[in-house]
Every structure is written in C-alpha cells, then in structure tokens.
Amino acid sequence: RTYASHHRTQQKSAMALLSKIFRGLPKKVVASGSSALKVARVFLSTRHSKQSSAAKLDEHRKETSCASTRVTRALTDVDMSSAGVRQMMALLEPGQILGNLSDFAKEFGTEDFCKRLLRNNNGDVKKASEQFTQALGWRQAHKEVLTSRSSFALDGDERVIGSDLQRRPVVYMCMKNQILPGAPCLIKKVVTMLQAIDSMPGGVEKTVHIWDLH
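Residues numbered from 1 in each chain as written. Predicted model: local features only at pLDDT ≥ 70, side-chain atom pairs only at ≥ 80, totals over all residues. Heavy atoms only, no water.

### Description of the overall build of the chain
Piece 1. Tallying secondary structure elements over the chain gives eight helices and three strands in all.
Piece 2. Each helix and strand of the chain, placed in order from N terminus to C terminus, yields the pattern α-α-α-α-α-α-α-β-β-α-β.
Piece 3. Per-residue burial over the chain gives 23% buried out of 214 residues.
Piece 4. Within the chain, contacts between residues separated by at least 24 positions form 59% of all contacts whose residues are at least 6 apart in sequence.
Piece 5. Accessible surface, the chain as shown: approximately 15,300 Å² in total, 56% of it carbon and sulfur. (Helix = DSSP H or I, 4+ residues; strand = E, 2+ residues; numbered from the N terminus. Buried < 20%, exposed > 50% of the residue type's maximum accessible area, 1.4 Å probe, protein only. Contact = heavy atoms within 4.5 Å. Areas by Shrake-Rupley, 256 points an atom, 1.4 Å probe, with all protein chains shown as cover.)

### Focus on helix α6 (residues 125-141)
Piece 1. The first and last C-alpha atoms of α6 sit 24 Å apart over 17 residues, in line with the 24 Å expected at 1.5 Å per residue.
Piece 2. Where α6 is concerned, the buried positions are V125, A128, S129, F132, L136 and R139. Down the axis of α6, the smallest arc covering the buried residues is 100°, so these residues share one side. Residues of α6 that are exposed and point over 90 degrees away from its buried face: K126, Q134 and A141.
Piece 3. Two to three positions downstream of the cap, the backbone nitrogen of K126 sits 3.1 Å from a side-chain oxygen, assigning the N-cap of α6 to D124. (Expected span 1.5 Å × (residues − 1). Arc of directions from axis to C-beta. Polar contact = N/O pair within 3.5 Å; in protein donor to acceptor, adjacent residues only side chain to side chain.)

### Description of the pattern of salt bridges
Piece 1. Applying the stated rule across the entire model yields five salt bridges.
Piece 2. Here D198 and R149 are joined by a salt bridge, their closest N and O atoms 2.7 Å apart. Taken together, the residues D198 in helix α8 (residues 186-198) and R149 in the loop between α7 (143-148) and β1 (157-163) connect sequence positions 49 residues apart.
Piece 3. On the basis of relative accessibility, which here comes to 28%, the residue R149 falls in the partly exposed class. (Salt bridge = Lys/Arg side-chain N within 4 Å of Asp/Glu carboxyl O.)

### Overview of the pairing of β1
Piece 1. In the sheet, β1 pairs with strand β2 (residues 169-174) via six bridges, with the strands oriented antiparallel. Along β2, the bridge assignment pairs E158 with M173.
Piece 2. What sits between the antiparallel neighbours β1 and β2 is a turn of five residues, in which R167 has the positive phi angle 65°. (Pairing = 2+ DSSP bridges.)

Dropping the structure here:
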C-alpha cells in the first residue's frame, strides 16, 4: 500500500513536469506518454540526487562545525579543569579548611578525584569544592570503620557471599531484612563494597550483585 501510494505520487509529479520539460518539442514526443513519463522520472531522479548530494554536503559541514566546537570546548574545559583542580587541592594546605585533616582523609583528596567532581558538576568549582570537603570530612569521621572493614549496625542484610566462576565477588542483599531506609545504611554498604574489593584477585575489577526482593 505504501509503495503504491509512493508510486502514484511520483507519477503525478512526473506528469506535472511534462509541460515544462517538453515545452516547444514536437507533439509526437509529448504524445508518447510512456516515453515522456520515463524521461520525466529520470529528470526527477537526477534532481533528487542533486538535492541529496547537497544535503549530505550540508550535513558534513555541520558535523565539521560541531567537531570544531567540541575541540574548542574541550580545550577550554582542560584550562578550567586545571585551574579548578589547583583551587580544590589548595584546600588541603595548612591554614585552609581541610588543612587539619589526618593523612588518612587527605589520602583520598587526589587530583583525579577533583577532576571527577568538576566533571560531574560541569566545571562548577564551588559545588565541586563543597562535595570535596564533605567527602574528605566523611572519610575522617569514619576512619575506624573504613580501616577495620567492619560495621556492627543492625540496619540491613548486605554481605559478600563468595565469588562466581569468573572469580568476581558476589554481593547479596535481602530487602526483607532491610530495617532502615537506604541513606542510613550507607556505612554498611561502603564496608560491604570494600570487603568485596579486598577479595578481588588480580585482573578482576567487577562485582556481581544479587538483590533478594522477597
């Protein structure tokens, strides 16, 4: 049905152009409807081909322009990122807001972490710095839990139960035994993930999660 409709539309367009194409030609040529229609279709095909080529050229120009814009933006982002990283790392200097943190907390305050925060906040140094401060402060406050890899809070059931055939740690969580909402269980989740990471053999960088929704 679609093909037939398209064919009729093409035929009407071709016939409409006959008078323009064959104006001034002998009547025998114009009267030869079949031959004239074929010529008109060829004309239409050529015109569509030219339009398609022009569209492709225009699309190529747009892609080139977009690529150029992305490169310029990337270079600008690099400059902004470098300046933002320096500002954030300066917070760890003596006399600054994070200057009194322990070496354990500062250990996580790397340039890579700063870049990730800046990227997540679209280069907003203020927001990234706030998250940087919160993250290192949280690490300082929970040093004992993070170093001992143990959490005694009875807030839920999430634990490493073994590994799969590819030696990836398997983390099991039971929703039935989830006593508190997600946010208060953060420490338990962090400890469980650290335990999973500690159990990873060389070359393994992923975990398998089983969520029991009973």
